[in-house]
Amino acid sequence: MLNKMEKIMKRNILLLILFALPVFMLQSCLKDQSDTFNESAAVRMQNAIKSYRAALTDASSGWSLDYWPEGNQKYGGYNYTIKFDGQNADVAWEQNPTAVTSLYDIISDDGPVLTFNTYNDNMHAFSTPWGSSGGYQAYQGDYEFVIMGIQDDGSIKLKGKKSGNIMYLRKLSETSDAYLANIKKMSAQFNAVPMAGLKSKIGGTDVLIDYDLDNQQLYFTYPDASSNSSTEVTASYRFTETGLSFYKPVTIAGKTFQNFKLSSTSTVNTLTCTDANATDVVLASYLPDDYLYYNDYIGTYKLLFYKELEKKNPVYVTVTLSEGEYNKTLLLKGLNSNITLTLNYSVGKGSLTLNSQSIGKNGSNVIWLCAWHCGGTLTWDTAAGMISSWNKDKDNFVLTWKDNAMTTYNIDSYILWQLNASGSSMGAYTNSAWNIVGTTETRLRMFTSMTKIK
Amino acid sequence: MLTAIAFLGVSCSSDDLDSESIITVNEVQKNQFDKWLNQNYVIPYNIAFKYRMEDIEADMNYTLVPAQYELSVAMAHMVKYLCLESYDEIAGINFTRKYFPKLIHLVGSPEYRNNGTVVLGTAEGGKKITLFNINNLGNIITSAASLNSQYFKTIHHEFTHILNQTKSYPTEFQEISGADYVSDSWSTAPYETEYAYRGFVSDYAQDSAGEDFAETLSIFVTHSATQWANLLASAVEYTTDSNGKTVVSRDGRPNIIAKFEIVYNYMKDSFGIDLYKLRDAVQRRQADVVSGKLDLEDVSIDNAK
């Protein structure tokens, strides 16, 4: 029944359209056809290009460009400066403030497109591919930008043709050198402070912020009241002359924030929001209360391990920790005159790790300190090893060691092992000249603690 | 009824043609190099030499960057001197005008593919040659072998394809190595190393008869007589038999020579080009380039022309 009704209705509608059609068509003859614009599309495009060209060259100190490669901004943002004349563009950026000159043009493509169409070391830093495996797409940076228009504040809005990212050219009121030096100062200042992370209370919500300095990302995590779980938001940032700024605003607990002023002490970075209605948003870096600075570790220690799995027959060896690569590695000496071990220092955690590592050669074989679960598995996986924790007592300074949880082996000991040139196991390395002080073997069973003696 | 409606649809007003063309030329200020290109490429050959990267001229699926200005100038000089004028010298400028691709596009980076291969040059429909990796030119400019393998062998190779599209080569050519073509496997073992024993001048020549033809021609003209003789000598494989005697186990020479003869006659009969003379001209000019005789920076214009 319904079907039949529908059919009748459809037919009626069809008929109505058919009869109405001539009426619509006749109308077109009655009216003058006037163009919406006075000029053709091509002429308007040429005029737009002309006016953009004039705008670009009309900046005595040039422009700054906030540059965001890759469609998800996963490498963070960088600051460029560009000065245009009729033909050339002088391009510098925060990693290389020395300008490089190349040609540019404004072409009509997807609208007017600003293109840097001869090679420029600085401009093409994020778009130059370097190989077939990892680098064939480079960092997916742009060198062709669709010009979206000139803003009220005189800035020019651009859209990266490859990434789709929105970026802005802003007139510089100072020299490129001064601008980039200010940027560099902020990034150096921020990156020099050791941080386990940042914390904030935003609109009454406790927010934890993890970070990636290399790729300039902040990861906000906060409890989600409704679902009893937590929400994560990623913000890609670039440095500014006074702090840092996100690619797009982040909203948490009703507060929306994007731009921050940075102030730093030697131990704390504080980011204070400068956006209207969010100036009470403050992100402050923190360190764990058992945090130790790199230099705190340097000194002489009594190192404790055992001759037996059951922690019987303790062995105490006097060892030293000395400087390796600042803020990255420390050298442990004293186990045997042939043996120097490299410990990795984590700036974020303030802790040390002792992982599997090659420590010497025996003919063509390589001698390894292998992480070992005493009486069980040993491994030359360089992620395997143990991590230190501090007893928070400056006067009775003790580091205790446990498995670093990077593998499933539950490492508690170390053993010297040999690998051949192609990386295959050649068995335990036994050589009395390499025996650990206080023992007759090349093993550290039940590696337990290091007590600082001076 | 539908017909009636259709008639009604005919427009009753007439539009005048707009006096302004919708095709407008970008008002790029011409620099000295642009003027030089006009005088050395456009006027004599009607060839557009595009050194400013245009994404629409490139394959958008790859990540590419523009060529550096100074290196583009050097490349323009070299393409003219090594390729265009070599053909002018042997076949006359009208030959070059008629057949040489009308668009040369420079790209600064190589075209990296994610399967581990790199594209050095492409030709499309006889109209356009794209040369990649121009930004590496400074590193290899004193080595004829590198210049050839990176750029000029590619140009001769692609140009050969264009000539083949104009006049096809004799079918006897593909019968010589008929069963030995391996298509995409040319870059894998054992083909990547044993091409000469198998009767080919290069690994890529094993792809197909068309590529073989272009490789044979382009490698011949970019190799000196001695290098060509060495290439032929390397096509003989020796092994030791059970009596300890050295014997020839494979010999690729007859096939290479037979194919070269067809290539030679094709160029001679179809276009009046003696490949030996072309080779000598290319070799002489190549020596001028690597010895620094050719000025690769001068973009001044002879106004008397």
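All values reported here derive from a predicted model rather than from experimental measurement.

Draft legend 1. Representation of the overall build of chain A. Across its full length, chain A carries three helices and 30 strands. Computed over C-alpha atoms, the radius of gyration of chain A comes to 32 Å, more than 25% over the 22 Å expected from 2.2 N^0.38 for 454 residues, which places it beyond the range of a compact globule. The buried share among the 454 residues of chain A stands at 34%. Considering only residue pairs separated by 6 or more positions, chain A has 49% of its internal contacts joining residues 24 or more positions apart.

Draft legend 2. Structural detail: the sheet that holds strand β11 (residues 205-212) of chain A. Residue and element names in this part refer to chain A. Ordered in space as β10-β11-β12-β13-β14-β15-β16-β17, the eight strands form a closed barrel in which the pairing is antiparallel. Ignoring which end each strand starts from, the neighbouring axes of this sheet average 25° apart. Pairing geometry for strand β16 (residues 269-273) and strand β17 (residues 282-286), over three bridges, is antiparallel. In the strand pairing of β17, Thr270 is matched with Ala284.

Draft legend 3. Seen up close, the sheet that holds strand β7 (residues 144-150) of chain A. Residues and elements named next belong to chain A. With antiparallel pairing, the nine strands of this open sheet are ordered in space as β4-β3-β2-β1-β9-β8-β7-β6-β5. Across the chains shown, the open sheet's two edge strands, defined by having one partner strand only, are β4 (96-103) and β5 (105-109). Taken pair by pair, the neighbouring strands of this sheet meet at an average axis angle of 30°, ignoring direction. Across the sheet, helix α2 (residues 41-57) touches β2 (78-84), β5, β6 (111-115), β7 and β8 (156-160), and the angle it forms with β5 is around 155°.

Draft legend 4. Structural view of the packing of helix α3 (residues 69-91) of chain B against helix α12 (residues 275-290) of chain B. All names here are of chain B. Orientation of α3 relative to α12, taken along the N-to-C sense of each, is 150°, at an axis distance of 9 Å. The angle between α3 and α12 falls in the class roughly antiparallel. For the element pair α3 and α12, the recorded crossing hand is right-handed. Note on element contacts: α12 touches α3 through Lys277, Leu278, Ala281, Val282, Arg285, Gln286 and Val289, opposite Met78, Tyr81, Leu82, Ser86, Glu89 and Ile90. For the contact of α3 with α12, a count of residues per class yields eight nonpolar, two polar and three charged.

Draft legend 5. A look at the packing of helix α9 (residues 209-222) of chain B against helix α11 (residues 253-271) of chain B. Residues and elements named next belong to chain B. With their axes 10 Å apart at the nearest point, α9 and α11 run at an angle of 80° to one another. In terms of axis orientation, α9 runs roughly perpendicular to α11. The segment α9 lies against α11, with Asp212, Phe213, Thr216, Leu217 and Phe220 engaging Lys259, Phe260 and Val263. A breakdown of the residues in the contact of α9 with α11 according to their chemical character gives five nonpolar, one polar and two charged.

Draft legend 6. Spatial organisation of the pairing of strand β7 (residues 236-240) of chain B. All names here are of chain B. Of all five residues in β7, zero are buried; the element is thus mostly exposed. Strand direction decides the pairing type here: β7 and strand β8 (residues 246-251), joined by five bridges, are antiparallel. Bridge assignment links Val236 to a residue of β8, and that residue is Asp251. Linking two consecutive strands that pair antiparallel, namely β7 and β8, is a turn of five residues; a positive phi of about 80° is found at Gly244 within it.

Draft legend 7. Structural detail: the nonpolar core. Counting residues in hydrophobic clusters, the biggest one holds 118 residues, and the most contacted among them are Tyr80 of chain A together with Ala67, Met75, Val79, Val107, Leu131 and Ile134 of chain B. Broken down by element, the residue count for this core peaks at 13 residues, all from α3 of chain B. Two domains share this core, each providing at least three of its residues, namely domain 1 (41-173) and domain 2 (180-286) of chain A. Residues in contact with Val79 of chain B, not counting those within four places in the same chain, are Leu84, Ile104 and Ile155 of chain B. Judged by nonpolar contacts, the second largest core, of 38 residues, contains Tyr345, Trp372, Met386 and Trp417 of chain A.

Draft legend 8. Region of the structure containing the domain arrangement of chain A. All names here are of chain A. Taken as a whole, chain A is organised into domain 1 (41-173), domain 2 (180-286) and domain 3 (294-452). Just the C-alpha atoms count here: the centres of domain 1 and domain 2 sit 27 Å apart. Every contact between the two is made by 13 residues of domain 1 and, on the other side, 11 residues of domain 2. Among the elements that take part in the side of domain 1 that touches domain 2, β2 stands out by supplying three residues, more than any other. Tallied by class, residues from the side of domain 1 that touches domain 2 come to five nonpolar, five polar and three charged.

Draft legend 9. Up close: unusual backbone geometry. The residue after Ala189 of chain B, namely Pro190 of chain B, is reached through a cis peptide bond having omega 0°. With respect to the helices, strands and loops of the structure, Pro190 of chain B is situated in the loop between α7 (172-176) and α8 (191-194). Its identity is not glycine, yet Asn313 of chain A carries a phi of approximately 55°, on the positive side. Along the polypeptide, Asn313 of chain A turns up in the loop between β18 (299-306) and β19 (314-323). Residue class for Asn313 of chain A comes out exposed when judged on the 12 C-beta atoms lying within 10 Å of it. Backbone geometry places Lys392 of chain A, a non-glycine residue, at a positive phi of 60°.

Draft legend 10. Main features of the confidence of the model for chain B. All names here are of chain B. Here chain B averages 87 in pLDDT, and 86% of its residues register 70 or above. Under a pLDDT of 50 for its full length, residues 1-10 has, in the predicted model, six contacts with residues more than four places off or in other chains. For this predicted complex, the interface confidence comes out at an ipTM of 0.79, alongside a pTM of 0.77.

Draft legend 11. Fine view of α2 of chain A. Residue and element names in this part refer to chain A. Look at α2: 25 Å from first C-alpha to last across 17 residues, which is about the 24 Å you get at 1.5 Å a residue. All of the buried residues along α2 are Ile49, Arg53 and Leu56. Across the axial projection of α2, the buried residues extend over an arc of 65°, all falling on one side. Opposite the buried face of α2, at more than 90 degrees from it, the exposed residues are Arg44, Asn47 and Ala54. Those residues of α2 that are buried lie in contact with β2, β5 and β6.

The rules behind these values
Sequence order as written defines residue numbering, which begins from 1 separately in each chain. The order in which chains are written sets their letters, starting at A; the order in which ligands are written sets their numbers, starting at 1. Two thresholds apply to this predicted model, a pLDDT of at least 70 for residue-level local features and 80 or more for giving and counting side-chain atom pairs, whereas whole-chain, interface and lining totals are computed over all residues. In this description a helix means any DSSP run of H or I spanning at least four residues, a strand means any run of E spanning at least two, and both kinds are numbered starting from the N terminus. Each radius of gyration reported is based on C-alpha atoms, and the globular scaling rule is 2.2 Å times the count of residues to the power 0.38. Residues with at least 20 other C-beta atoms within 10 Å of their own are called buried, those with 12 or fewer are called exposed, and the rest are partly exposed. The C-beta atoms themselves are positioned from the backbone. A residue pair is marked as a contact if its C-beta atoms, positioned from the backbone, fall within 7 Å. When DSSP locates at least two bridges between a pair of strands, those strands are taken to pair. Axes here refer to lines fitted to C-alpha atoms; in helices the fit is confined to the stretch in contact. Angles between the N-to-C directions go from 0 to 180 degrees. Should an angle fall under 35 degrees it is taken as roughly parallel, and over 145 as roughly antiparallel, whereas 65 to 115 is taken as roughly perpendicular and any remaining angle as oblique. Crossings are assigned a handedness: left-handed for a near helix turned anticlockwise from the far helix by less than a right angle, right-handed for a clockwise turn. Each residue is assigned to one of three groups, with Ala, Val, Leu, Ile, Met, Phe, Trp, Tyr, Cys and Pro labelled nonpolar, Asp, Glu, Lys and Arg labelled charged, and all others, Gly among them, labelled polar. Each nonpolar core reported here comprises buried Ala, Val, Leu, Ile, Met, Phe, Trp, Tyr and Cys residues connected via C-beta atoms within 7 Å. Per the annotation, domain bounds derive from an automatic or database assignment of domains. The pLDDT value tells you how sure the predictor is about a given residue, anywhere from 0 up to 100. What a helix is expected to span follows from its residue count: subtract one and scale by 1.5 Å. The reported arc concerns the directions from the helix axis to the C-beta atoms and nothing else.

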